[in-house]
Amino acid sequence: MFNSNHRYLFKLRSRDAFLLFVLFALFTQWAIAQNKTNKITLEVNEVSRLEVIELIETKTNYVFYFAESWLGEEQVSLQLNNTSIEDALEKLFENTLINYFLLDDSKVILTQNNLIRDTLPPLFQDSLGVNQPQLTESPIILYEDNSAELEDYSIQTVRIGKERPNANKDTYKLEGVVLNAKSNKPLPDIVIVASNGANAITDNEGKYSLELPIGVNIIETKSLGIQDSKRRVVIYDDGALNFVLNESVEQLDELVIQANVDRNVKQAVIGVSQIKIEEIKNMPLILGERDILKVATTLPGITTAGEGSSGYNVRGGKTDQNLILLDDGVIYNPSHFFGIFSAINPFTSGEANIYKGSIPAQYGGRLSSVIDIKTKKPNPEKFGGEVSIGPVTGNVTLDIPVMKEKSSLLIGGRGTYSDWILKSLDDKRLNKSKASFYDVIAKYDHEINNENSLRATAYYSKDNFSITSDSLYSYSNFLASVAWSRRINSKNYLDVILANSNYNFNIAFEQGLDRDFDLGYQVNETELKLKMRYLHSNKHKFNYGISTKLYNINPGSIDPLGSNSLVDPLVIPKEKALESALFLADDFEVNEKLLFSLGLRYSFYALLGSSVQRIYEDGLPLNEGTLIGTKAYGNNEVVDTYGGLEFRLSGRYFLAEDLSFKMGYNSTYQYIHTLSNNTTVSPTDTWKLSDSNIKPQQAQQISAGLFKNIDGNKYELSIEGYYKKTDNILDYKVGANLLLNETIETEVLQGEGKAYGVEFLLKKNHGRLNGWLGYSYSRSLNKLDSAFAEEKINNGAFFPSNFDKPHDLSLVANYKLTQRFSLSTNFVYQTGRPITYPVGSYVVNGAERVFYSDRNKFRIPDYYRLDLGLNIEGNHKIKKFAHSFWNISIYNVLGRNNPYSVFFVTENNEIKAYQSSIFSLPVPTITYNFKF
């Protein structure tokens with residue numbers, strides 16, 4: 001029985017004990033329950049709810065039963081004048097989670113969230129044939145699930161809402177934001193799972209939404225690189241719950257590349273790397289420039305044809321076989337300044353994901369890799385920025401809030417003052433030269449509401465250079481993209497992306513004579529993509545969508561420059577095509593050990609008119625002698641079509657908790673090609689669409705590897721092997737003329753290629769010494785065979801491609817001397833690339849001619865380079881205007897005269913070989929950065 005002179009304070013360490021107590025009290029006295037008729041009169045100002053209860057107890061014969069911790073410390077003010085106990089309690093517990101139950105004329109039982117009921121619901125009464133009053137409680141008390149998690153009171157309990165007497169909903173919406181505890185920034189792609197099976201994934205703003213049944217739920221968060229968490233959520237109304245989560249790996253400035261903890265072992269995809277631009281500032285720099293794409297070349301499987309060359313060769317593929325994306329827009333020429341710098345501003349870039357093995361199904365149109373670069377999210381909270389001053393370039397980035405916590409703008413600009421340096425030199429040949437570039441980028445981010453967000457990016461870059469006084473070369477990249485993201489519900493997410501990319505180059509030759517000309521070229525593409533995510537269950541997560549891309553190419557034009565020029569104007573007819581695709585992918589978790597990433601992509605390509613296609617005799621070489629006619633097509637008329645099904649399959653199996661085996665298979669189509677007979681990418685390389693005479697390229701790749709973490713995540717070890725087969729690769733005939741050629745198909749050949757290799761990577765992520773060692777052995781071979789000699793190279797046998805470099809070794813290390821000082825180093829070794837040498841001479845009609853070896857039979861000398869750097873951080877005071885950073889580095893410390901190319905010149909009837917180098921001496925650099 002209750003003691004009317006004593007208050008029971010329940011600590012609620014056992015739900016069962018509390019349940020028995022309440023049921024005992026209810027079943028002994030429910031029959032005398034009735035409405036309170038006593039009235040309450042009191043006036044209080046700014047006192048605690050506990051004090052109000054004590055006043056009611058002194059003025060009336062009511063006794064309250066509750067846990068004192070429920071009441072909190074909040075102060076209230078009340079004025080009660082002859083008020084009933086029900087009205088008094090309604091006012092007292094308004095806007096709280098406290099409910100009450102009047103047991104009789106003298107007892108008030110308080111509960112948190114839930115209601116105590118004295119009758120069964122009508123459905124229960126009808127099914128049991130019971131009409132008399134019955135005592136029961138809400139689902140929060142009579143909970144049948146006795147799982148260990150629900151009984152584990154070490155899990156933090158969060159209460160959402162208060163049960164209402166007339167509520168008729170079975171489920172309620174829980175939504176919120178997941179934030180990084182260290183940076184307070186939103187965390188995307190966090191998986192949130194409820195005990196009833198409901199799940200969600202946070203969007204780019206860190207937001208989520210779940211439908212939960214009334215009562216007790218266990219909520220878990222899961223993600224690679226973020227500590228898992230659990231909450232017990234007691235929900236009786238729609239409400240919000242935010243998570244602030246800790247990273248499960250310490251982010252260290254000296255780490256150049258930091259993957260999410262265990263990502264390398266856990267994920268299903270193979271051959272993927274992640275680079276975070278914030279973490280590459282300690283690398284020794286060339287001319288003071290951080291470079292996210294140059295860092296990529298220190299990873300196994302990614303190389304360049306030579307120092308200072310633009311473009312990247314991934315697992316034996318050509319430079320045009322890489323899809324380089326910046327906020328979903330394509331960058332056609334990713335280089336500045338003869339390939340010394342990349343065209344991507346390092347201060348505005350957030351991270352880059354490089355897929356060289358398992359390419360997700362949403363990407364298409366390239367054979368070798370996808371380099372997906374994301375711009376940093378602007379800060380909507382406060383104004384900030386970063387400035388860099390180097391010997392050749394300057395860089396400024398600004399974060400500008402537009403609407404507090406809603407929208408913000410990121411603006412970045414970078415340029416070089418090398419023109420001024422060249423003009424100040426004593427060498428007249430150089431002070432008349434030009435070599436400059438600049439790029440600008442702006443990103444606007446807007447959170448419309450909890451379900452919708454908008455992101456827009458615009459980018460432009462421009463290069464001008466003139467090594468001789470009579471020619472000015474220029475080229476530019478432009479892209480603009482708009483993305484709308486919508487959370488349809490807790491399981492379905494939508495992204496709609498519209499992007500436009502443009503690349504053009506121009507050559508102005510002005511010698512003051514009759515051969516002056518102006519030459520131009522342009523490629524433009526516009527893409528619309530719809531992507532959907534469907535979180536079916538913990539075992540299946542689907543990504544699917546559709547995309548379509550329109551190509552418009554002006555293959556080139558030349559016009560006379562000046563009134564005295566005798567150059568004949570020429571315009572190569574425009575090309576237009578439509579490339580579309582459907583894709584579907586499923587991350588299928590079979591069990592705790594086995595995970596699959598299964599993807600299908602169907603791509604369809606249509607060449608569109610207006611166009612005139614040349615028709616050649618079947619089975620014969622393409623030349624003027626085998627041309628049998630032409631066929632004209634009208635505007636937007638379909639000229640030719642290609643297409644096929646592409647497979648994107650990979651899987652992971654845990655051999656141990658920190659050791660996994662992965663395997664993948666990829667098949668891809670590429671409908672656009674570069675035309676070049678240079679060893680490296682040139683600004684004058686042109687892009688050509690597949691047509692009736694040039695087929696699309698195709699590739700198949702199989703890869704497998706072992707991935708191991710040692711001592712937690714202190715060390716990462718991986719070894720991967722791959723084999724890739726390519727069909728319809730585009731190469732050129734000896735002496736081919738590729739620029740401004742109306743019959744380009746007669747100058748090129750199509751054949752097959754193969755590439756294979758083994759890649760090894762060892763990374764140390766923690767400690768004063770950290771970095772990585774990467775090595776790859778790889779081969780890249782081409783075969784151009786035909787029944788006709790003019791279409792056969794090296795007698796139809798496989799020969800090394802221009803970028804075949806069997807051995808590639810990179811060592812990147814950083815040693816932290818103190819909190820402010822660190823030393824860093826890079827060492828690179830590569831096999832020399834292939835080259836074709838003259839091996840003899842012969843005389844024709846009295847003129848000496850050169851006889852060359854088989855194509856790419858020889859190699860230039862091997863390449864190696866050592867760089868050193870000293871990094872000096874500013875002081876670590878929390879309250880200061882800006883944080884400074886100095887980098888003092890020496891590029892090519894050994895002064896190695898690495899050959900960029902070897903070429904041959906006939907002088908005085910003698911053939912002489914010359915070697916060109918980019919940096920043949922040590923290059924010291926001092927760069928100052930400050931961030932505010």
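Rules used throughout
Each chain has its residues counted from 1, running along the sequence as written. Whole-chain, interface and lining totals are the exception, using all residues; otherwise, since this is a predicted model, local features are given only for residues with pLDDT of at least 70 and side-chain atom pairs are given and counted only at 80 or more. Excluding hydrogens and water, the side-chain values take into account all heavy atoms of the structure. The helix count covers DSSP runs of H or I at least four residues long, the strand count covers runs of E at least two residues long, and both are numbered beginning at the N terminus. Exposure categories follow from relative accessible area, calculated using a 1.4 Å probe and restricted to protein chains: below 20% of the type maximum is buried, above 50% is exposed, and the middle band is partly exposed. We call two residues in contact when some of their heavy atoms are within 4.5 Å. In this description, strands pair whenever DSSP reports at least two bridges between them. In this description, a line fitted to the C-alpha atoms serves as the axis of each element, helices being fitted only across the stretch in contact, and the angle between N-to-C directions of two axes falls anywhere from 0 to 180 degrees. Pairing of aromatic side chains here covers Phe, Tyr and the six-membered ring of Trp, requires ring centres within 6.5 Å, and sorts the geometry by plane angle: under 30 degrees stacked, over 60 edge-to-face, intermediate tilted. Residues grouped as a nonpolar core are buried Ala, Val, Leu, Ile, Met, Phe, Trp, Tyr and Cys residues, joined through side-chain atoms within 4.5 Å. Any N or O atom pair separated by 3.5 Å or less is treated as a polar contact, with the protein-specific requirement of one donor-capable and one acceptor-capable atom, and with residues adjacent in sequence counted only for side-chain atom pairs. Note on patches: the residues involved have over 30% relative accessible area and no salt bridge, like charges join within 9 Å, and the nonpolar side chains Val, Leu, Ile, Met, Phe, Trp and Tyr join within 5 Å. Each accessible area is a Shrake-Rupley result for a 1.4 Å probe, and residues are judged covered by the shown protein chains and nothing else. Note on definitions: salt bridges are taken to be side-chain nitrogens of Lys or Arg within 4 Å of carboxyl oxygens of Asp or Glu.

J.: Explanation requested: the overall build of the protein chain in the structure shown.
T.: Along the protein chain, the regular secondary structure elements total nine helices and 59 strands. Counting every position in the protein chain, which comprises 932 residues, the buried fraction comes to 52%. Of the contacts made within the protein chain by residues no fewer than 6 positions apart, 65% connect residues no fewer than 24 positions apart.

J.: Explanation requested: the pairing of strand β27 (residues 393-403) in the structure shown.
T.: Put simply, side chains in a regular strand alternate between the two faces of the sheet. In this structure, strand β26 (residues 384-389) lies alongside β27, joined through six bridges in antiparallel fashion. Counted as the bridge partner of I389 is G394 from β27. What sits between the antiparallel neighbours β26 and β27 is a turn of three residues. Where β27 meets strand β28 (residues 407-416), ten bridges bridge the pair, whose relative direction is antiparallel. Pairing of T397 across the sheet is with G412, part of β28. Where β27 folds back onto β28 in an antiparallel hairpin, the turn is made up of three residues, including E405, whose phi is positive at roughly 60 degrees.

J.: Where do I start with the sheet that holds strand β8 (residues 157-160) in this structure?
T.: Across a sheet, paired strands are connected by hydrogen bonds in the backbone, their directions being either parallel or antiparallel. Within the open sheet, the five strands sit side by side as β8-β14-β13-β10-β11. Their pairing is mixed. Here the strands that pair on one side only, and so sit at the sheet edges, are β8 and β11 (199-201). Averaged over all pairs of adjacent strands, the angle between strand axes in this sheet comes to 25 degrees, irrespective of strand direction.

J.: When you look at the packing of aromatic side chains in this model, what are you seeing that I'm missing?
T.: The description of an aromatic ring pair uses the distance of the two centres, along with the angle that the planes make with each other. Overall, the coordinates contain 17 aromatic pairs when judged by the stated rule. Measuring from ring centre to ring centre gives 5.0 Å for Y332 and W687, while their planes differ by 85 degrees; the resulting arrangement is edge-to-face. Pair noted here: Y332 is in the loop between β21 (329-330) and β22 (335-336) and W687 is in strand β43 (residues 686-689), with a separation of 355 residues, a long-range link. Pair check on accessibility: Y332 and W687 agree, each one buried. Measuring from centroid to centroid gives 6.3 Å for Y605 and Y642, while their planes differ by 35 degrees, and the two rings are tilted. In this pair, Y605 sits in strand β37 (residues 594-608) while Y642 sits in strand β40 (residues 638-656), placing the two residues 37 residues apart along the sequence. Under the relative-accessibility criterion, Y605 is labelled buried at 0%.

J.: Can you help me understand the nonpolar core in this one?
T.: Most often, soluble globular proteins keep nonpolar side chains buried together rather than apart. Y332 and L689 are the most contacted members of the largest nonpolar core, which totals 45 residues. Those elements that place two or more of their residues in this core are β20 (322-326), β29 (434-447), β32 (492-509), β33 (517-534), β34 (540-560), β37, β40 and β43. Discounting residues that sit within four places of it in the chain, Y332 has contacts with R366, N477, S501, Y503, V523, E525, Y551, I672 and W687.

J.: What is the right way to read the environment of Y602 from this model?
T.: Summarising the element assignment, Y602 is placed in strand β37. Separated by 42 residues in sequence, Y602 and G644 have C-alpha atoms that sit 5.8 Å apart.

J.: Would you mind going over the side chain of T457 with me for this structure?
T.: By secondary structure assignment, the location of T457 is in strand β30 (residues 452-466). Engagement of the side chain of T457 in a polar contact is seen with the side chain of D327, the distance being 2.7 Å. Setting aside chain neighbours within four positions, we find T457 in contact with D327, I441, A442, K443, L479, A480 and S481.

J.: What am I meant to see in the sheet that holds strand β5 (residues 107-112) here?
T.: With respect to topology, three strands assemble into an open sheet ordered β2-β5-β4, the strand pairing being mixed. Of all the strands in the sheet, just β2 (63-65) and β4 (98-102) have a single pairing partner and so form its edges. The mean inter-strand angle of the sheet, taken between neighbouring strand axes irrespective of direction, is 25 degrees. Where β4 and β5 come together, five bridges link them in antiparallel fashion. Bridged to F101 within β5 is I109. Along the sheet face, helix α3 (residues 85-92) touches β2, β4 and β5 and points at about 165 degrees away from the line of β4.

J.: What should I look at first to understand a nonpolar patch on the surface in this one?
T.: A surface patch of nonpolar side chains, about 810 Å² in accessible area, is lined by L530, I546, L582, L598, L600, Y602, F604, L645, F647 and L649. Elements with a contribution of two residues or more to the nonpolar patch: β37 and β40. Relative to the helices and strands, L600 resides in strand β37. In this structure L600 comes out as partly exposed when scored by relative accessible area, which is 37%.

J.: Before we go on, may I ask you to explain the pattern of salt bridges in this structure?
T.: Going through the model one piece at a time under the given rule, you end up with 29 salt bridges. The residue D372 makes a salt bridge to K374 at a minimum N-O spacing of 3.7 Å. Here D372 falls in the buried class, since its relative accessible area comes to 5%. For K374, a relative accessible area of 29% puts it in the partly exposed group. Close ionic contact of D804 with R779 constitutes a salt bridge, the shortest N to O distance being 3.1 Å. Residue D804 is found in the loop between β48 (799-800) and β49 (807-816), and its partner R779 is found in strand β47 (residues 769-783); the two are separated by 25 residues along the sequence. Here D804 and R779 have matching classes, each one buried. If you follow the salt bridges from partner to partner, you end up with R315, K356, E720 and E759 in one network.

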